[in-house]
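# Descriptive analysis of the structure
Below, each chain spelled out in residue letters.
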Amino acid sequence: MSAKEQVLENYSSRVYKNRKEHMVEVNNNDNNNMITANVRAVPGIMTHRGCCYAGCKGVVLGPIKDAVQIVHGPIGCSFYAWGTRRHKAKKVEDTDHYLQYCFSTDMQEADIVFGGEKKLKKAIEEAMDIFHPSTIFICSTCPVGLIGDDIHAVARWAETEYGIKCIAFSCEGYKGVSQSAGHHIANNQLMRFVIGEGDREPKSKFSVNILGEYNIGGDGWETERILKRIGYEVVSVFTGDSSIEDLKNAHKANLSIVQCHRSINYIAEMLETKYGVSWLKGNFVGVEATIKTLRDIAKFFNDPEMTARTEDVIADEINLIEDDMEYYKSKLKGKKAVLYVGGSRAHHYQLLLNDLGITTLLAGYEFGHRDEYEGREVIPTIKPDADSKNIESITVEPDQEKYHLYLPEEEVNRLKEENFLGYYGGMVKDMKDGTYMVDDLNHFETEEFIRLLKPDIFFSGIKDKFVAQKSGVLSRQLHSYDYSGPYAGFRGAVNFARDITMGIYTPAWGLTKAPWKTTPTLVGTLGGEA
Ligand code: CFM
Ligand code: HCA
């Protein structure tokens, strides 16, 4: 019986029927790797997903450094979002910087009963008095939607009262089925109220946006370093180490490079429709992946000098890391991994693992949609359900004044047909036959798959980390990088390889034995027997 069948076998027939649709044994030959994703978790199952508020405030908005981001809700939600995601940012002179703060209305029972708008206004007044920000975001948590506070009206009030930009995000935690709904809500509002407002002309025609790069552990800095070294101008990064001013100018770039497709594909698409900015899916995690992405960008700009410069930089960067990578590869070759992360990294990190000779046995997303698993070609076949229909989807029209194309339209269309522009092939095409994709891997399945597949390392987040460790298996966090990083680009690959090698050669977890396995922790008699 396959590992998948062995895990499923434990379920009641109703849960079996549900969960089997979320597990695929990869077979790229018969081309049928259909998976169920972006639907509700089974009630009562210990899912490792997060909420809509986490996806909006925590993920997409969180890294924007110069907006005061007020969380309207009980304090717990704010505490949770206070620096835990490790989206790094540098203070820049003459730009506000609020990332070290945590702004909350600290809703109490009385606010829930009598309404919280007054308290929200008070919080804005206080923020204005102390910090004088030019931008305020208001983010809703669950109770705000339940009691019906009108945060959008409060935002309009703040704009008139103080002459600032104030944007409200109705990202109540319960919306949708995961963090994914929150990405969409954040994308919509940034498109409505930020992107397109700037008039800063790029200095170079080789101008790019990096979309879906949140600078976790400094990844975005390494990506930018490489791009700038080649000669690209980075107009905006969504949203790692970003400022509102940068984001306002995103429409001025000639190309968007999409790192995390799940969290930002809405903006990538809308930037193209409204302003003509083409996008291509890149990936700066993994040495080979980084090289491919750089060559793809050069192919888009189609300039002999930039192409040559790209090759020079690649050669030089490789030269600097080659020996280290070879050494770590000699230590790691043949090891086996399982990856379970949000919506992108379970794919991207497989490529870095390949560079090091590590095989992936199972990979899954908490909230990726079918396109992240199977590729964008399946999008037309995805049936919207009640949960996805609840999330607003906005449409944009070409902006007569600001629309611009770098390549002629026919060329753009040709490159789209080639699946070069505007395409993401998903994770499955990079996976070997016989390996597993599991969507919304829950606590029980984590334990079971670890027992059956016996990986050398389990990559995930804080909620599942301890499941692995208690099973005696090394765990590394692919969200927070366990306080290390950067892991992106050339230098990041070496950091990653070093951290993994340290972990694998410190097999502490496998050497420990749970105390109850050696001495009974409960002593007594049952039915008269010891
Ligand atoms: Fe994109 Fe992300 Fe991810 Fe994501 Fe996240 Fe994250 Fe993640 Mo944690 S935006 S989908 S919502 S790459 S916070 S930086 S690590 S789950 S795999
Ligand atoms: C989130 C944020 C998170 C959580 C990480 C984890 C992050 O989804 O709410 O579970 O360890 O990267 O900080 O994904």
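Cut-off values and rules
- Residues numbered from 1 in each chain as written.
- Chains lettered and ligands numbered in written order.
- Predicted model: local features only at pLDDT ≥ 70, side-chain atom pairs only at ≥ 80, totals over all residues.
- Heavy atoms only, no water.
- Helix = DSSP H or I, 4+ residues; strand = E, 2+ residues; numbered from the N terminus.
- Buried < 20%, exposed > 50% of the residue type's maximum accessible area, 1.4 Å probe, protein only.
- Polar contact = N/O pair within 3.5 Å; in protein donor to acceptor, adjacent residues only side chain to side chain.
- Contact = heavy atoms within 4.5 Å.
- Pairing = 2+ DSSP bridges.
- Axes fitted to C-alpha atoms, helices over the stretch in contact; angles between N-to-C directions.
- Domains from an automatic or database assignment.
- Buried area = accessible area lost by both parts, 1.4 Å probe.
- Phe/Tyr/Trp six-rings, centres within 6.5 Å; stacked < 30°, edge-to-face > 60°.
- Lys NZ or Arg CZ within 6 Å of the ring centre and 35° of its normal.

To continue, consider the side chain of Thr501. Mapping Thr501 onto the fold places it in helix α21 (residues 489–504). By relative accessible area, which is 8% here, Thr501 ends up buried. For Thr501, the side chain forms a polar contact with the main-chain oxygen of Ala497, separated by 2.6 Å. Apart from the residues lying within four places of it in its own chain, the contact partners of Thr501 are Tyr328, Lys331 and Leu332.

Quick look at the sheet that holds strand β9 (residues 278–281) now. Spatially, β7-β6-β8-β9 is the arrangement adopted by the four strands of the open sheet, whose pairing is parallel. Strand pairing shows two members of the sheet lacking a second neighbour, β7 (233–239) and β9, which therefore form its edges. Neighbour-to-neighbour, the strand axes of this sheet turn through a mean angle of 25°, independent of strand direction. Pairing geometry for strand β6 (residues 207–213) and strand β8 (residues 255–258), over four bridges, is parallel. What sits directly across from Asn209, in β8, is Ser256. Across the sheet, helix α10 (residues 219–230) lies against β6, β7 and β8, angled at about 160° from β6, the strand it touches most.

For the rest of this paragraph, the subject is the domain arrangement of the chain. As a measure of interface size, the accessible area lost when the parts come together is often cited. Parsing the chain into structural domains produces domain 1 (52–173) and domain 2 (207–333 + 374–417). Taking the mean C-alpha position of each, domain 1 and domain 2 sit 29 Å from one another. In this assembly, 16 residues from domain 1 lie in contact with 16 residues from domain 2. Of the roughly 1300 Å² buried at the junction of domain 1 and domain 2 (both faces included), carbon and sulfur atoms supply 63%.

Right, let's talk about the environment of Ile147 for a bit. The topology assignment puts Ile147 in helix α7 (residues 142–147). Given a relative accessible area of 29%, Ile147 falls into the partly exposed group. Separated by 274 residues in the primary sequence, Ile147 and Leu421 place their C-alpha atoms 44 Å from one another. Ignoring sequence-local partners within four residues, the contact set of Ile147 consists of Met107, Asp111, Ile112, Gly115 and Gly116.

Quick look at the packing of aromatic side chains now. Applying the stated rule across the entire model yields 22 aromatic pairs. Site record: aromatic cluster; members linked through ring pairs are Phe206, Tyr232, Phe300, Phe301 and Tyr406. Just above the ring of Trp221 sits the side chain of Lys90; from NZ or CZ to the centre is 4.0 Å. Lying over the aromatic face of Trp157, Lys121 brings its terminal NZ or CZ to 5.1 Å of the ring centre.

A separate point is the sheet that holds strand β5 (residues 165–169). As summarised here, the arrangement of the four strands in space is β3-β2-β4-β5, forming an open sheet in which the pairing is parallel. Each having just a single partner strand, β3 (103–104) and β5 make up the two edges of the open sheet. Pairing geometry for strand β4 (residues 135–140) and β5, over five bridges, is parallel. Looking at the pairing, Cys139 lines up with Phe169 of β5. Against the sheet, helix α8 (residues 151–162) makes contact with β2 (68–72), β4 and β5, and its axis sits at roughly 175° relative to β5, the strand it touches most.

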